[in-house]
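Summary of the model geometry
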Amino acid sequence: MSKTMVALDFSTRKEVYEFLLKFKEPIYVKIGMELTYSFGFEIVREVKAMGHQIFLDLKLHDIPNTVKQAMKNLAKLDVDVVNLHAAGGSAMMKAAIEGLKEGAVNGKRPLCIAVTQLTSTSQEAMNEELLIPGDVKDVVISYAKLAKESGLDGVVCSVHEAKAIHEACGSDFLTVTPGIRLADDSKDDQKRVATPVFAKEQGCDYIVVGRSITKSANPVATYHEIEKTMEGK
Ligand code: C5P
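Residues numbered from 1 in each chain as written. Predicted model: local features only at pLDDT ≥ 70, side-chain atom pairs only at ≥ 80, totals over all residues. Heavy atoms only, no water.

1. Re helix 11 (residues 219–230)
- Taking 1.5 Å of rise per residue, the 12 residues of helix 11 would be expected to cover 16 Å, and the 16 Å separating its terminal C-alpha atoms lies within 8% of that figure.
- Along helix 11, the positions that sit buried rather than exposed are Pro219, Thr222, Tyr223, Ile226, Glu227 and Met230. Along the axis of helix 11, the buried residues cluster in a sector spanning 130°; they form a single face.
- Positive phi appears at glycine 232, one or two residues downstream of helix 11, with a value of about 70°. (Helix = DSSP H or I, 4+ residues; strand = E, 2+ residues; numbered from the N terminus. Expected span 1.5 Å × (residues − 1). Buried < 20%, exposed > 50% of the residue type's maximum accessible area, 1.4 Å probe, protein only. Arc of directions from axis to C-beta.)

Put into structure tokens, the structure is as follows:
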């Protein structure tokens, strides 16, 4: 199973399909708010029908009953991974899992992972605007533990947090890590980036890669090169 999730951050359907049709075999893709809010769940169904695995990155955060019903509907899409904000609390996260189980296709619910703190939230903003005291890394670990206790399968995290999260939550608690660049790529708008080799060394279970693959001169070759690293080959 692929360990590299390709972020389909395109603004048109044409670009999505031109990109996917370059691949002979199914890959793992991340579909986020931009595509979903432009084209609806039809695009999720179509990409799934092409055989690809899907991380549907919609980051739910609402009262428990609403999240439960929403997750029930997302599970019916038969996607592989969904996510939510751990800040919604344990009752919301437990309700999310209940909803996913109720909507599961053929008894297999999607995995559910939590966003702890957005990487766009600075230490200062977390302390002074959100009024969460302490160090961002400690808060990330504490939210990851809450997610684990609430029955979630893992978290989205930075490569620099993956080791500490595995230590706190166990090696089978999934770490899914964006912010990946090949050694000679542009960083674009990302601030702290890491290579797939470093992500593998840090024990990241999955990496999310967008532009390093989608803007590569040879996306298929770049994907396979990264995937080989993640598979430890
Ligand atoms: O092109 P790039 O590899 O930077 O894309 C990374 C993907 O991961 C984007 O879809 C971005 O929204 C997502 N992401 C991120 N950092 C986070 C959470 C999600 O870059 N902390």
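After that view of the structure, there is still more to cover.
2. Topic: the pattern of salt bridges
- Under the criterion given, the structure shown has 14 salt bridges.
- We note a salt bridge from lysine 72 to glutamate 102, for which the minimum N-O separation is 3.6 Å. Here glutamate 102 lies in helix 5 (residues 89–103) and lysine 72 lies in helix 4 (residues 64–76), a separation of 30 residues in the sequence.
- On the basis of relative accessibility, which here comes to 24%, the residue lysine 72 falls in the partly exposed class.
- Ionic pairing is found between lysine 108 and aspartate 80, a salt bridge with its closest N-O pair at 4.0 Å. With lysine 108 in the loop between helix 5 and strand 5 (111–115) and aspartate 80 in the loop between helix 4 and strand 4 (81–85), this residue pair connects regions lying 28 residues apart in the sequence.
- Judged by its relative accessible area of 11%, aspartate 80 falls in the buried class.
- Overlapping salt bridges, with partners in common, bring together Lys68, Lys72, Glu98 and Glu102 in one network. (Salt bridge = Lys/Arg side-chain N within 4 Å of Asp/Glu carboxyl O.)

3. A few points about the site of the ligand
- All residues adjacent to the ligand are Ala7, Asp9, Lys30, Thr119, Pro178, Arg181, Gln190, Val208, Val209, Gly210 and Arg211.
- Threonine 119 has a polar side-chain atom sitting 2.5 Å from a nitrogen atom of the ligand.
- Residue arginine 211 places a side-chain N or O atom 2.7 Å away from an oxygen atom belonging to the ligand.
- Within the complex, the protein chains bury 80% of what would otherwise be the 470 Å² of accessible surface of the ligand. (Near = heavy atom within 4 Å. Polar contact = N/O pair within 3.5 Å; in protein donor to acceptor, adjacent residues only side chain to side chain. Areas by Shrake-Rupley, 256 points an atom, 1.4 Å probe, with all protein chains shown as cover.)

4. What to know about the sheet that holds strand 4
- Overall, parallel pairing links the 8 strands, which are arranged 1-2-3-4-5-6-7-8 in a closed barrel. Sheet twist, expressed as the mean angle between neighbouring strand axes with direction ignored, is 25°.
- In this sheet, strand 8 (residues 206–209) lies alongside strand 7 (residues 174–177) in parallel orientation, the contact comprising 2 bridges. Bridging from a neighbouring strand, threonine 177 pairs with isoleucine 207 of strand 8.
- Contacting strand 3 (53–60), strand 4 and strand 5, helix 5 runs over the sheet at an angle of about 155° to strand 4. (Pairing = 2+ DSSP bridges. Axes fitted to C-alpha atoms, helices over the stretch in contact; angles between N-to-C directions. Contact = heavy atoms within 4.5 Å.)

5. Some thoughts on the UniProt feature "domain: Orotidine 5'-phosphate decarboxylase" (unreviewed entry) in the protein
- Per the UniProt record, "domain: Orotidine 5'-phosphate decarboxylase" (unreviewed entry) is found at residues 3–226.
- The straight-line gap between the two end C-alpha atoms of residues 3–226 is 9 Å; of that span, 43% is helix and 17% is strand. (UniProt positions renumbered as here; feature names shortened; annotations may be inferred.)

6. Remarks on the nonpolar core
- With 63 residues, the main nonpolar core has Leu56, Met71 and Leu84 as its most contacted residues.
- At 7 residues, the largest contribution of residues to this core is made by helix 7 (residues 136–149).
- Leave out the neighbours within four places in its chain, and leucine 56 touches Ile31, Thr36, Phe41, Val44, Leu74, Leu77, Val79, Val81, Val82 and Asn83.
- Grouped together as the second largest cluster of nonpolar side chains are 12 residues, Ala7, Phe55, Val81 and Val176 included. (Core = buried A, V, L, I, M, F, W, Y, C linked by side-chain atoms within 4.5 Å.)

7. Some points on the packing of helix 4 against helix 5
- Remark: helix 4 packs on helix 5, axes separated minimally by 7 Å, with the N-to-C direction vectors making an angle of 30°. For the element pair helix 4 and helix 5, the recorded crossing hand is right-handed. Seen from helix 4, the contacting residues are Pro64, Val67, Lys68, Met71, Lys72, Ala75 and Lys76; seen from helix 5, they are Ala91, Met92, Ala95, Ala96, Glu98, Gly99, Leu100, Glu102 and Gly103.
- Residues belonging to the contact of helix 4 with helix 5 are distributed by class as follows: 9 nonpolar, 2 polar and 5 charged. (Left-handed = near helix turned anticlockwise from the far one by under 90°. Nonpolar A, V, L, I, M, F, W, Y, C, P; charged D, E, K, R; others polar.)

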